[in-house]
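# Notes for the structure review
Take a look at the letters that make up each chain.
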Amino acid sequence: MNTGLKITAFAAAIAATFGTAYGVGTSIDPVVAKKPPTAHDEHAEAGEGAGDKTASGHESAPAGGLQISEGGYTLALDTPRVAAGTSSVLSFSVKDESGRKVTAYQREHGKELHFIVASRDLTVYRHLHPTRAADGTWSVRAELPAAGGYRAFADFKPAKKGATGVTLGADLAVSGKAEPAALPPARATAEVDGYRVTLGGALAPGKANELKLTVTKDGKPVTNLQPYLGAYGHLVALRAGDLAYLHVHPNGEPDDGATKPGPEVSFTATAPSSGAYRLFLDFQHEGEVRTAAFTVDVPAGGADANTGAKPSAEPGETQEADGHGH
């Protein structure tokens with residue numbers, strides 16, 4: 001993943017429960033997209049009057065995942081319902097305008113397709129890595145701990161020449177006794193497995209700002225983060241309420257001669273609107289991927305609006321699962 005917090009592609013009004021991540025921290029309010037929902041817009045050169053661009057010279061991706069069909073593609077879930085607390089195989093496909101399953105994709109960040117599942121209350125989050133059969137059917141095994149409504153996101157770019165990134169979303173039901181949780185409070189820190197991640201920076205509607213996430217372990221800076229899917233960190237933002245999806249990419253990448261492997265991972269993000277957002281940071285250290293989660297509030301107003309993160313001595317809330325699956 002590269003520069004530019006594509007925060008207009010991973011969010012829309014945080015009211016969804018996005019997966020069990022390793023830690024919980026600050027919260028971010030809904031980011032409003034300035035163009036139709038899609039994911040991973042093509043990079044654009046920096047310059048004034050070029051639209052919604054990040055400080056790094058990349059266009060912010062619009063919020064995606066709000067539609068099951070877009071741009072001639074449709075997300076078809078073969079398993080729209082699973083049981084809570086049970087290991088189940090999630091099966092799905094992406095179909096084109098003719099109803100045929102898509103079998104050719106461009107690889108992005110090491111994968112042909114990224115599959116995210118989050119609960120509507122944003123307390124459960126899974127970044128899964130499904131495998132594709134020759135006929136275009138994708139499948140992955142996952143265990144979703146809590147009953148209730150979920151949203152499944154397929155983030156991909158077709159192999160078709162000139163194709164742009166697409167993020168489709170479909171509802172997924174998890175059977176069992178549902179007890180929706182409240183959105184976790186905004187905090188500037190999240191803790192997971194002995195790691196503490198601190199969120200710094202501000203989000204403002206319509207303005208590109210830098211977010212810095214700093215990783216420490218046992219009170220010491222982590223300076224040897226390992227690349228995960230081609231980056232030192234991956235950030236996904238979901239807007240409370242409508243679960244608009246934003247896949248935010250970091251500033252810099254491994255082996256570019258400038259980006260250090262920690263302790264800071266930097267992103268440039270533009271909030272499309274005010275509101276509450278849930279952020280999920282995936283990072284890898286000592287061979288294991290962990291997820292830190294934050295709630296961020298984006299107030300209405302000018303460029304000085306901040307994330308609403310409140311530093312606290314209290315540790316971030318630890319979620320039940322790591323948020324990852326293969």
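Quick caveat, the model's predicted, so the values are computed rather than measured. (Residues numbered from 1 in each chain as written. Predicted model: local features only at pLDDT ≥ 70, side-chain atom pairs only at ≥ 80, totals over all residues. Heavy atoms only, no water.)

This next bit is on the pattern of salt bridges. Taken as a whole, this structure holds 13 salt bridges when the rule is applied. One salt bridge in this structure joins Lys 212 and Glu 264, with 3.8 Å as the shortest N-O distance. Taken together, the positions of Lys 212 in strand S15 (residues 208-217) and Glu 264 in strand S19 (residues 264-270) put the pair 52 residues apart, joining distant regions of the chain. Relative accessible area serves as the criterion here: at 33%, Lys 212 is assigned to the partly exposed category. The exposure class assigned to Glu 264 is partly exposed, which follows from its relative accessible area of 42%. Counted as one network, the salt bridges with shared partners bring together Arg 120, Arg 151 and Asp 171. (Salt bridge = Lys/Arg side-chain N within 4 Å of Asp/Glu carboxyl O. Helix = DSSP H or I, 4+ residues; strand = E, 2+ residues; numbered from the N terminus. Buried < 20%, exposed > 50% of the residue type's maximum accessible area, 1.4 Å probe, protein only.)

Here the focus is the environment of Arg 120. With respect to the helices and strands, Arg 120 occurs in the loop between strand S7 (113-119) and strand S8 (125-128). Along the primary structure Arg 120 and Leu 183 are separated by 63 residues, whereas in three dimensions their C-alpha atoms are 9.9 Å apart.

This paragraph deals with the sheet that holds strand S4 (residues 73-77). What the five strands build is an open sheet, ordered S3-S4-S6-S10-S9; its pairing is antiparallel. Two strands in the sheet have a free side with no partner beyond their single neighbour: strand S3 (69-70) and strand S9 (131-132). Relative to strand S6 (residues 87-95), S4 is paired through four bridges, and the arrangement is antiparallel. In the sheet register, Ala 76 faces S6, and the bridge partner there is Ser 93. (Pairing = 2+ DSSP bridges.)

If you walk through the whole model with that rule in mind, you get eight aromatic pairs. Taking the centre distance of 4.2 Å and the plane angle of 5° together, the rings of Tyr 125 and Phe 280 count as stacked. One end of the pair, Tyr 125, is in strand S8; the other, Phe 280, is in strand S20 (residues 275-285), with 155 residues separating them in the sequence. An identical accessibility class is assigned to Tyr 125 and Phe 280; each is buried. Seen from their ring centres, Tyr 195 and Phe 283 are 5.7 Å apart, and the 65° between their planes marks the pair as edge-to-face. Of this pair, Tyr 195 sits in strand S14 (residues 195-201) while Phe 283 sits in strand S20; the two residues are 88 residues apart in sequence, bridging distant segments of the chain. In this pair, the class of Tyr 195 matches that of Phe 283, namely buried. Joined through ring pairs, the aromatic side chains of Tyr 73, Phe 92, Tyr 105, Phe 115, Trp 138 and Phe 156 make up one cluster. (Phe/Tyr/Trp six-rings, centres within 6.5 Å; stacked < 30°, edge-to-face > 60°.)

Turning our eyes to something else, we now look at the pairing of S6. The side chains of a regular strand alternate, residue by residue, between the two faces of the sheet. As judged from the seven bridges shared by S6 and strand S10 (residues 137-143), these two strands associate in the antiparallel manner. Each residue of the ladder has a partner; that of Leu 90, found in S10, is Val 140.

Moving on: the confidence of the model for the protein. Mean pLDDT over the protein stands at 78; residues scoring 70 or higher make up 73%. Taken together, the stretch residues 1-61 has pLDDT below 50 and engages in 362 contacts with residues farther than four places along the chain or on a different chain. In the model, residues 302-322 has pLDDT below 50 throughout and makes 74 contacts with residues more than four positions away in sequence or in other chains. (pLDDT = per-residue confidence, 0-100. Contact = heavy atoms within 4.5 Å.)

In this structure, the amide linkage connecting Gly 262 to the following residue, Pro 263, adopts the cis form with an omega of 0°. With a phi angle near 65°, Leu 122 is a residue other than glycine that sits in the positive phi range. With respect to the helices and strands, Leu 122 occurs in the loop between S7 and S8. Given the relative accessible area of 0%, Leu 122 is considered buried. A positive phi angle, near 55°, is found at Asp 218, a position not held by glycine. Structurally, Asp 218 can be placed in the loop between S15 and strand S16 (220-221).

Residues Val 197, Leu 279, Phe 283 and Phe 294 are the most contacted members of the largest nonpolar core, which totals 30 residues. Residue assignment for this core shows that the elements contributing at least two residues are strand S13 (189-192), S14, S15, strand S17 (234-239), strand S18 (245-248), S19, S20 and strand S21 (288-298). If you look at the next biggest cluster of nonpolar residues, it comprises 26 residues, including Val 94, Val 124, Ala 154 and Ala 170. (Core = buried A, V, L, I, M, F, W, Y, C linked by side-chain atoms within 4.5 Å.)

Let us now look at the environment of Gly 219. The residue Gly 219 is located in the loop between S15 and S16 in this model. Among the residues examined, Gly 219 registers a relative accessible area of 69% and is labelled exposed. Once the C-alpha coordinates of Gly 219 and Arg 196 are considered, the two residues, 23 residues apart in sequence, prove to be 8.0 Å apart.

Looking now at the pairing of S8. Here S8 shows two buried faces, one formed by Tyr 125 and His 127 and the other by Arg 126 and Leu 128. Two elements, S7 and S8, share four bridges in a ladder whose sense is antiparallel. By the bridge assignment for S8, Phe 115 is matched with Leu 128.

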